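# Fold and geometry: a report
This is what each chain is made of:
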Number of protein chains: 4
Amino acid sequence: MAGNSFGTLFKVTTWGESHGPAVGVVIDGCPPGMELSGADIQADLDRRRPGTGGPAASPRKEPDRVEILSGTFEGRTTGTPISLVVWNRDAHSKSYEHLRDIFRPGHGDITYLKKYGIRDHRGGGRASARETVARVASGAVAGKVLAGRGITVTAYTIAVGGIEAAGRDLDEIGNNRLFCPDSEAAALMAARIEAVKKAGDTLGGVVEVCAAGVPAGLGEPVFAKLDGELARAMMSIGAVKGVEIGSGFAAAAMTGSENNDPITPDGFASNNSGGILAGVSNGQEIIVRAAVKPIPSIAREQDTVDLDGKPRKIKIGGRHDISAIPRIIPVCEAMVALVLADFLLLQESVAAMAPRP
Amino acid sequence: MAGNSFGTLFKVTTWGESHGPAVGVVIDGCPPGMELSGADIQADLDRRRPGTGGPAASPRKEPDRVEILSGTFEGRTTGTPISLVVWNRDAHSKSYEHLRDIFRPGHGDITYLKKYGIRDHRGGGRASARETVARVASGAVAGKVLAGRGITVTAYTIAVGGIEAAGRDLDEIGNNRLFCPDSEAAALMAARIEAVKKAGDTLGGVVEVCAAGVPAGLGEPVFAKLDGELARAMMSIGAVKGVEIGSGFAAAAMTGSENNDPITPDGFASNNSGGILAGVSNGQEIIVRAAVKPIPSIAREQDTVDLDGKPRKIKIGGRHDISAIPRIIPVCEAMVALVLADFLLLQESVAAMAPRP
Amino acid sequence: MAGNSFGTLFKVTTWGESHGPAVGVVIDGCPPGMELSGADIQADLDRRRPGTGGPAASPRKEPDRVEILSGTFEGRTTGTPISLVVWNRDAHSKSYEHLRDIFRPGHGDITYLKKYGIRDHRGGGRASARETVARVASGAVAGKVLAGRGITVTAYTIAVGGIEAAGRDLDEIGNNRLFCPDSEAAALMAARIEAVKKAGDTLGGVVEVCAAGVPAGLGEPVFAKLDGELARAMMSIGAVKGVEIGSGFAAAAMTGSENNDPITPDGFASNNSGGILAGVSNGQEIIVRAAVKPIPSIAREQDTVDLDGKPRKIKIGGRHDISAIPRIIPVCEAMVALVLADFLLLQESVAAMAPRP
Amino acid sequence: MAGNSFGTLFKVTTWGESHGPAVGVVIDGCPPGMELSGADIQADLDRRRPGTGGPAASPRKEPDRVEILSGTFEGRTTGTPISLVVWNRDAHSKSYEHLRDIFRPGHGDITYLKKYGIRDHRGGGRASARETVARVASGAVAGKVLAGRGITVTAYTIAVGGIEAAGRDLDEIGNNRLFCPDSEAAALMAARIEAVKKAGDTLGGVVEVCAAGVPAGLGEPVFAKLDGELARAMMSIGAVKGVEIGSGFAAAAMTGSENNDPITPDGFASNNSGGILAGVSNGQEIIVRAAVKPIPSIAREQDTVDLDGKPRKIKIGGRHDISAIPRIIPVCEAMVALVLADFLLLQESVAAMAPRP
């Protein structure tokens, strides 16, 4: 219970279901005196919107205009909680009536019912990806806090359906609809998505997040380490099944002499650590990757059961994305930004309390 | 700051450095009335001990006897905090004097200094793997709580230095010193470790944890999901650089029809979800894997710098393990047990508060 | 920072300023399956409204209709966060323009500016009593959870401006506008309020809260004791300057033989403990009292300073209450209900985890 | 459950029972680089010791030597958790055997059993005042952090058994064994204690705590206000039944014009607020008072019941204090210091994150 808050000093609490009146978030602990308007948030929401993802996206249109209901005064944050709301305008509850008594494979339908004894079957209810609107909105505010300290967070697609980006030309990200830093791979990914779409199936992929400008010292050993919190943040996104930092799973097959990053007077000679040593940032770029599973809502027939445990066939049509990529990109950025903003504030308190000469 | 606690209702707080007088843990929230003695904890500590890991282990001997300083009365827990202490008896501080002004690559030496402005250079101080004694001790208590509910947590080695276990015969785990469920692979792993040892280098690997008997309903959406907390728990272990649940990173290359687990009247037909849907356990086995990096203390010469940023060469000799595997096995089990015990208590409160007819 | 949440398992997060668009609250952890509609909440909000307090109240009219934006499905709670919003409709920001550069004595104007470096001067901003709308709304939901377990929380006025209620006839509470359990005293209090109003001054008083039906066992020693959390809850209400449990300050002048409550086969022979022993409920009525200071906004001239520290005279006219009593009554009930709901859930998890035979 | 931690950034977790091997505390979040030795802590422990309280104290002797088990290196804090332990050397468990099946009135015997289903009857177990050793030890560390910022916390007796101190000459505190700032009253108090002792009875009193040098801005509205947290902290001490800030309960009988503190160019003209406005410190002295109930262990016969609910007579002899005053004095100081240290760190993070020009 009470799992809908994230963070300690920069703390967000999200709420809202797919087919309720609205989704929203309360941000508690945003530093006061920062300029903030809806426009600061809207750009990230727009990137998350359906219809922006090119071939992988569903045709739904959700305007997703954010409203700031509290926490600012004359265009600046006041240190009091910032309440953001986005109204749900495109909610066709009727179209979900046939799902009332059946569990969709790969979704939380069955676990929510077992946990709570009651389930809002409309579009997944709270378990819907609609919930990530609140993550993105609050992540945008966190991102602005970070930007004020010279920290940028950038996410991009490095694999879709087994096709991997070879390069990391971040300037390319804006040049294709998959936000992929390798345009050639992006074209192959788009083709793969089209093919799978025709087959009534869906695809997963891998997102990488790079945070630049992060000062050394962020992270709170031994249980609130920076890498641990990043892992929790990414894994809390519905579609994510794996997280790695720096060399990640590849490190498991390396020797110490290969994986260690030599230290030179000019800094680290490599970045297998992903910018984190012993749970604390080392001043290098933070590199996190998330494995995104294929969207479980597929147009092909699947075996499932109904509320009485009777066998049923299910075929999920409608306005569904083929892949959570690229719409998950701003969600990944948001989660990393939320983690970093929280640790930045925590570390400022450590720094400020250092003994005074 | 204040990152040394883990859990909400079953909450542990650990303390202690490699070369201080002791390491320990306070367990707050253990259900009252449970039989508990040092023997319940000692078995897990013994598995973690140096010298138990066969070819990969260092020759150090640490008896690591646990003492219960509070929280029990006449052999039973009372609901009050349980304080466990393990004295450090084998701490040769002198042998670390040459590390006082130099940073070891791959270790937290540099980040701890940047974070705190002061560093205990003896054996890594708080960043030492010695800290995991407290995790294992408290994990044993969590494990006993789980056992009382029919839940078992088992960790085992599935890869070392690129050699992967083909099978999962859990009965084999006890038959080799790497706790590997594939004896043939275990022999190859042991040979690889010997070879790398001679080359003055170290190795990583992959540990898998299987939790059986976990009821459906554990996990608190949307930020304290079961998979998210498991990811944080595993990634908070010093050597871990990646975590995955169920099909994990492989899911990124699968289609929805491949990755979805069909539901039948007899349960799920497969377990790509790793027992977790939408952040909540579904009643299947929980499957978590952790990528373990090679131990950074290698006998080969490395580039580094000293406190003044001057270039230095470093070669770390002494009593070091070749791989964190298998000593990390009980640590992984402990972290999973701590997560599950906490969520079990949380879910009991949900279940108990269901509306009464 | 991040001080706008209250509770662990039944957790509320409030937001909103006096003159922003709305105030609201997110309730995280409400047990699922409970019937809930706006009507359950509205009654308490109506008691809190201006204009209900008879002689002590201001003539402002705030309809304060609550809207449920999430967390229910077909009239029942789902276990997901419940978002409640009340729009601010009667906000005359213009009338506060003269307070932009001056500090009102007895208010948070000066401390908020010193803390945050920025201040919303309109009606006290976040420090306004308007914030208590969110407390009352969420307290009503907590109250419904408690009612389902046979627990009732009742607050009433026992002193105003030095006039004390002699009796405790709870049936009388509804018979006078001060919610006083002694009608005779209520009449004297009303007369006192009228007299002070004419003098351009304001009054304080004492509120007592009685929680009946509370099972033994609530409270989490040694820092989250039931009495400690009640004290924090009450003291977090703006106007409260003192809190006592049971015999309270009177106990300081008593002997042990006078203050101890003898135990008999039929229960405790008295209730000086206020229903709490060693921080844990004992099954008797919980008795809490709060000292409410006079409203600091007075029509008489006071000395103060402006933003530059220059001396100024201030005289606060307008639509202000003479006393926080009785409008604070439902706020006190709400805070006690929030504390009890949280501890009830916590204790259920303890009870459920008792060893099974 | 899990109620044995206090604080967010400066966080303490205490453990230990009256008749277990030891009591202790883990301090997580102490700023690094601060000089710390056992001597810093010992002085406060010595003031808390039995035998120091003159006429009110029991003749027991508890040396109470503190040991630092972690968190320091070469005499300075490292930012890692500080583990403090005090061994219990004077525990005569045998002498409590007659209390195994009976509840002492005014104690937590009955509530602990109802809560946990099991009870350590020896000296109150965890509910014993022995637990406050850990509060005092960690409070001493908090006090040192505060002292480094020019903040001092002083507690003193202002009433015993109905006899009140007229003056507040803090220089007098050290001149009498009751730590009373009014020597004349102190003599009367001592005489009253002697008389009550002969009658086999016990006494309560009132302690006041004054914190000087506290900067404006501490406290986190609206639920973690400074006054709210102080109330919780004080009320969490076993014997405390009431808490007030500044004018406290007296404010309930005052008018606004009497209770408001005028603001002048030289500061506030009075301190009825007790240094706190809207939950945030205003730069004046923080004034908190706690009502201490008489010790429930009295030598006179009382009515009670046994485990089976059968009526019993009880008469508690032995080595008991007549009043928790003055031994509670350093405990009160400790709790205030813990609250202030936590808020100081929190506020530093706010201040550090203010927008940079």
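These figures come from a predicted structure and were not determined experimentally. (Residues numbered from 1 in each chain as written. Chains lettered and ligands numbered in written order. Predicted model: local features only at pLDDT ≥ 70, side-chain atom pairs only at ≥ 80, totals over all residues.)

### Topic: the overall build of chain A
Scanning chain A from terminus to terminus reveals 7 helices and 18 strands. In summary, chain A has a C-alpha radius of gyration of 21 Å against a globular reference of 21 Å for 357 residues, a match within 12%. The C-alpha extent of chain A, read off along each of the three principal axes, is 70 × 50 × 40 Å. Per-residue burial over chain A gives 67% buried out of 357 residues. In chain A, 69% of the contacts between residues at least 6 apart in sequence involve partners at least 24 apart. (Helix = DSSP H or I, 4+ residues; strand = E, 2+ residues; numbered from the N terminus. Rg over C-alpha atoms; globule rule 2.2 N^0.38 Å. Buried ≥ 20, exposed ≤ 12 C-beta atoms within 10 Å, placed from the backbone. Contact = placed C-beta atoms within 7 Å.)

### Examining the interface of chain D and chain B
Listed per partner, the contact involves 38 residues of chain D and 38 residues of chain B. Counting residues per element, the ones that place at least two in the side of chain D that touches chain B are strand S2 (11-16), strand S3 (22-28) and helix H2 (109-116) of chain D. Residue classes in the side of chain D that touches chain B are distributed as 14 nonpolar, 17 polar and 7 charged. (Nonpolar A, V, L, I, M, F, W, Y, C, P; charged D, E, K, R; others polar.)

### Thoughts on the sheet that holds strand S2 (residues 11-16) of chain C
Residues and elements named next belong to chain C. Taken together, 5 strands build an open sheet; the order of strands is S1-S2-S3-S7-S4 and the sheet is antiparallel. Strand pairing shows two members of the sheet lacking a second neighbour, strand S1 (5-6) and strand S4 (66-68), which therefore form its edges. In the sheet, S4 pairs with strand S7 (residues 82-87) via 3 bridges, with the strands oriented antiparallel. Note on S7: the bridge partner recorded for glutamate 67 is valine 85. (Pairing = 2+ DSSP bridges.)

### Quick look at the relation of the copies chain D and chain B
Mapping chain D onto chain B leaves a residual RMSD of 0.0 Å; the transformation is a rotation of 180° accompanied by 0.0 Å of translation along its axis. On this basis, the relationship between the two copies can be described by a two-fold rotation axis. Comparing interface residues between copies, 100% of those in chain D also lie at the interface in chain B; the contact surface is shared. (Least-squares fit on C-alpha atoms with pLDDT ≥ 70 in both.)

### Overview of unusual backbone geometry
A cis amide bond links Pro221(A) to the next residue, Val222(A), at an omega of 0°. In this fold, Val222(A) is placed in the loop between strand S10 (205-212) and helix H5 (226-235). Positive phi values are uncommon outside glycine, yet Glu74(B) reaches one of about 50°. Mapped onto the elements, Glu74(B) comes out in the loop between strand S5 (72-73) and strand S6 (76-77). Residue Glu74(B) is classed as exposed on the basis of its 8 C-beta neighbours within 10 Å.

### A look at the interface of chain C and chain D
Listed as interface residues are 96 residues of chain C and, on the opposing side, 96 residues of chain D. Ranked by residue count, the leading element in the side of chain C that touches chain D is helix H5 (residues 226-235) of chain C, at 6 residues. Grouping the amino acids of the side of chain C that touches chain D by side-chain chemistry returns 44 nonpolar, 35 polar and 17 charged. Here strand S11 (residues 240-245) of chain C pairs with strand S11 (residues 240-245) of chain D via 3 bridges, running antiparallel.

### Here we look at the environment of Leu277(A)
With respect to the helices, strands and loops of the structure, Leu277(A) is situated in strand S14 (residues 276-277). Distance in space between the C-alpha atoms of Leu277(A) and Lys293(A) is 28 Å, their sequence separation being 16 residues. Residue contacts for Leu277(A): discarding those within four places in its chain leaves Asn282(A), His107(B), Gly108(B), Ile110(B) and Thr111(B).

### Points about the pairing of strand S8 (residues 152-160) of chain B
Residue and element names in this part refer to chain B. With respect to burial, S8 is a largely interior element, 7 of its 9 residues being buried. Two elements, S8 and strand S10 (residues 205-212), share 8 bridges in a ladder whose sense is antiparallel. From the neighbouring strand, valine 153 faces S10, where its bridge partner is alanine 211. In this structure, S8 lies alongside strand S9 (residues 163-164), joined through 2 bridges in antiparallel fashion. What sits directly across from alanine 159, in S9, is glutamate 164.

### Structural notes on the relation of the copies chain C and chain D
Both copies of the chain are related by a screw-like operation: a rotation about an axis and a shift along it. Each copy of the sequence occupies a distinct position, and chain C is placed on chain D by a rotation of 180° and an axial shift of 0.0 Å, giving an RMSD of 0.0 Å. Take the interface residues of chain C: 100% of them recur as interface residues in chain D, which is what a same-surface contact looks like.

### Section: the packing of helix H3 (residues 132-147) of chain D against helix H7 (residues 329-352) of chain D
Residue and element names in this part refer to chain D. As a packed pair, H3 and H7 sit with axes 7 Å apart at the nearest point and diverge in direction by 50°. In terms of their interaxial angle, H3 and H7 are classed as oblique. Crossing of H3 against H7: the hand is left-handed. Where H3 approaches H7, its residues Thr132, Arg135, Val136, Ser138, Gly139, Ala142, Gly143, Val145 and Leu146 are matched on the opposing element by Pro330, Val331, Glu333, Ala334, Met335, Ala337, Leu338, Leu340 and Ala341. Residue composition of the contact of H3 with H7, grouped by class: 12 nonpolar, 4 polar and 2 charged. (Axes fitted to C-alpha atoms, helices over the stretch in contact; angles between N-to-C directions. Parallel < 35°, antiparallel > 145°, perpendicular 65-115°, else oblique. Left-handed = near helix turned anticlockwise from the far one by under 90°.)

Honestly, it's all geometry; don't read function into it.
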